[in-house]
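Structure assessment
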Amino acid sequence: MNYKTSLLLLSILLLGACKQIPKLPKGEIFEAKNEQGVTINYMVTDAEAKNIEVVGKYISEYRNTYAGTIAVPQTVNYKGTDFTVVAVGKNAFAYSEKLRAVQLPPTVVVLKENAFRECRQLNKVTLPEKLQEIGISAFSWCQLIDTLRISPSIRVIRYGAFSDAGCKYMSIPEKIDTIEGGAFAKFSVPKPLIINNELFSFPRSFSSTYHVPANVITIQEHAFDGCNLSKIEIDETVKEIGAYAFSRCYNLDSVVIPKSIERIPDNCFEGCHNLKSCIIGNRIKSIGFAAFDDCEKLKTIHIPSSVSKIGTYAFRGCWHLENVSMENGIHEIGDKVFEGCKDLSSISFPNSLRVLGEEVFNKCQSLKNVELPDTMDVIGKRAFAGCKSLVSLRFPKRTKGIGAEAFEGCESLREAILPNGLDSLASRTFDGCKSLNKIVLPKGIKELCWASIRHCESLEFVEIPSSVAKIGAQAFGSGGKTVLTIKMESPTAPQCHEDAFMFRKAHLLIPKGSIESYIWATGWQGTGTPTEY
């Protein structure tokens, strides 16, 4: 056989061999039965390395058909080639309502996002010794797991991996490279779960006092969420507390936040209905969103000078909060911070305060006297709306903005001497202030907006500066049976909406010689014949 013939035969053999190699592109999905005859779906993740991962068997978007006990093999033969199972794919076993036990091979190194999410009957899962990563929400809502052993090979546990899950016994390394926030949020455990000097979860049934161990530096988000403990003792070794850390601890009676903490995070004590006392350390710089929202029994709170901002909803719904004191340092009180604090009767503001957010004291029905500091720049929309007991309020001299409906429904408010920097009176600012009998509009104000002084039935006299160029609809409307005397400074009638004095008896006092300007101007005819002064 000559050289050319040999080369031809070799080419034919190689061509035949190539035809036997299966064409398995990345992403191809196939099914195969394990030794027990259970069909499992797989997907090729690396054709060259012959790697595959377990994937789902869906009959709908949120329903998987895996059931009973499943043993995932280490290798799977497909089209004559052995493939190695290296991962459990995204949503692979998720929402398998009847899945009870899963055994994974030692070759699996990754559990991807939602791998076992909401397998609510799953009570046994054998994790491989070489497992390196547990993905986002991998075991979320798996609440019946009996034993969970995570090997020292683990490197990463992603966000929400065990959120709202639980197990009777758990073995986990004390050090892990990366644990993302919320990895163990509301995770039910038999004993405190501490990893990397961080406290991640706490037994929900614990009902007495708990002293945070000295080795804990961080209390992670949701760590005590929903626990029954009555008291928590936190040493200055703790440097950080996560969001929702003590949320819904219904029996928590008191707490002292140490000086080592610089921030009270969002929703930290939200829904702690029995919390009566909270001492805030003097290094706290901010109080987060809804931090004490719905702490019904909290009666008094002192804000130290280190705090510069109080976040939205921070003390909303603290019904029995009676007294709030603040030291110099705070610049801003966010929206709805004290909304619905119906027992709040006293509050002292520091001279550093510049901004009051929207609805900050909305429906604080017991608040009677308020003296705002001269540093105040802005009073937000509906800031004091519904404060039915508010009798007096001192307006700061430098305030340049008062939001719409800021004092709407303040039925007991008697006097309003507005600051000189005010450019306009916003819509419904004093709407429904039934007891208001004196209002002083500042020099320089240009507009009285819609319904700004409506339903003020006790108001009998108001002087309108010459700077006012526009009076909106119902600005003085529906004021009861009393006659409102309006003294105009300007000899020229400002623009006035035809309904500005709707359902209100009014009489004009105008500068001498200006009667022609007023009797023919739109909106002023309803005030009768004006009197010159």
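For the structure, see preceding data.
**Quick look at the overall build of the chain**
The number of helices and strands found in the chain is two helices and 45 strands. Against the compact-globule benchmark of 24 Å for 533 residues, the chain has a radius of gyration of 35 Å, which places it well outside the compact range. Oriented by its inertia axes, the alpha-carbon framework of the chain measures out at about 130 × 65 × 40 Å. Expressed as a percentage of its 533 residues, the buried residues of the chain come to 50%. A sequence separation of at least 24 residues applies to 28% of the contacts in the chain between residues at least 6 apart. For the chain, the accessible surface area stands at approximately 24100 Å², while carbon and sulfur atoms represent 49% of it. When the 62 basic and 58 acidic side-chain charges of the chain are each reduced to a single mean position, those positions are 3 Å apart.

**Considerations on the sheet that holds strand β17 (residues 198–201)**
Overall, mixed pairing links the four strands, which are arranged β16-β17-β19-β21 in an open sheet. Two strands close off the open sheet at either side, each with one partner strand: β16 (193–195) and β21 (240–241). Direction of pairing for β16 relative to β17: antiparallel, over a ladder of three bridges. Counterpart to leucine 193 in the pairing with β17 is serine 201.

**What to know about the layout of surface pockets**
Empty space among the atoms becomes apparent when a probe as large as a water molecule is rolled across them. Considering only enclosed or pocket space, the largest pocket measures out at about 330 Å³ in volume. Only β14 (167–171) and β16 provide two or more residues apiece to the lining of the largest pocket. Each residue belonging to the lining of the largest pocket can be placed in one class, and the counts come to 10 nonpolar, four polar and three charged.

**With respect to the pairing of β17**
Between β16 and β17, which follow one another and run antiparallel, lie two residues, and asparagine 196 among them has a positive phi close to 55°. Bridging between β17 and strand β19 (residues 218–219) involves two bridges; their strand directions are parallel. What sits directly across from leucine 199, in β19, is isoleucine 219.

**Side note on the pattern of salt bridges**
Inspection of every chain in the model, using the stated rule, returns 27 salt bridges. The residue arginine 316 makes a salt bridge to aspartate 293 at a minimum N-O spacing of 2.8 Å. A residue pair is termed long-range when its members are at least 10 positions apart, and arginine 316 in the loop between β27 (309–310) and β28 (323–326) and aspartate 293 in the loop between β25 (286–287) and β26 (300–303) qualify at 23 residues. For arginine 316, a relative accessible area of 26% puts it in the partly exposed group. A salt bridge links arginine 354 to aspartate 377, with the shortest nitrogen-to-oxygen separation between them at 2.7 Å. Placement of the pair is arginine 354 in the loop between β30 (346–348) and β31 (355–356) and aspartate 377 in the loop between β32 (369–371) and β33 (378–379), with a sequence separation of 23 residues. By sharing partners, the salt bridges in this structure join Lys336, Glu359, Arg382, Glu405, Glu408, Arg428, Asp431 and Arg454 into a single network.

The rules we used
- Residues numbered from 1 in each chain as written.
- Predicted model: local features only at pLDDT ≥ 70, side-chain atom pairs only at ≥ 80, totals over all residues.
- Heavy atoms only, no water.
- Helix = DSSP H or I, 4+ residues; strand = E, 2+ residues; numbered from the N terminus.
- Rg over C-alpha atoms; globule rule 2.2 N^0.38 Å.
- Buried < 20%, exposed > 50% of the residue type's maximum accessible area, 1.4 Å probe, protein only.
- Contact = heavy atoms within 4.5 Å.
- Areas by Shrake-Rupley, 256 points an atom, 1.4 Å probe, with all protein chains shown as cover.
- Lys, Arg positive; Asp, Glu negative; His and termini not counted.
- Charge placed at Lys NZ, Arg CZ, Asp CG, Glu CD.
- Pairing = 2+ DSSP bridges.
- 1 Å grid on protein atoms, 1.4 Å probe; cavity = no way out; pocket = protein on both sides within 12 Å on 5 of 7 lines; lining within 4 Å.
- Points joined across faces, edges and corners; volume = space filled by probe spheres on them.
- Nonpolar A, V, L, I, M, F, W, Y, C, P; charged D, E, K, R; others polar.
- Salt bridge = Lys/Arg side-chain N within 4 Å of Asp/Glu carboxyl O.

Read these as spatial facts, not as claims about activity.
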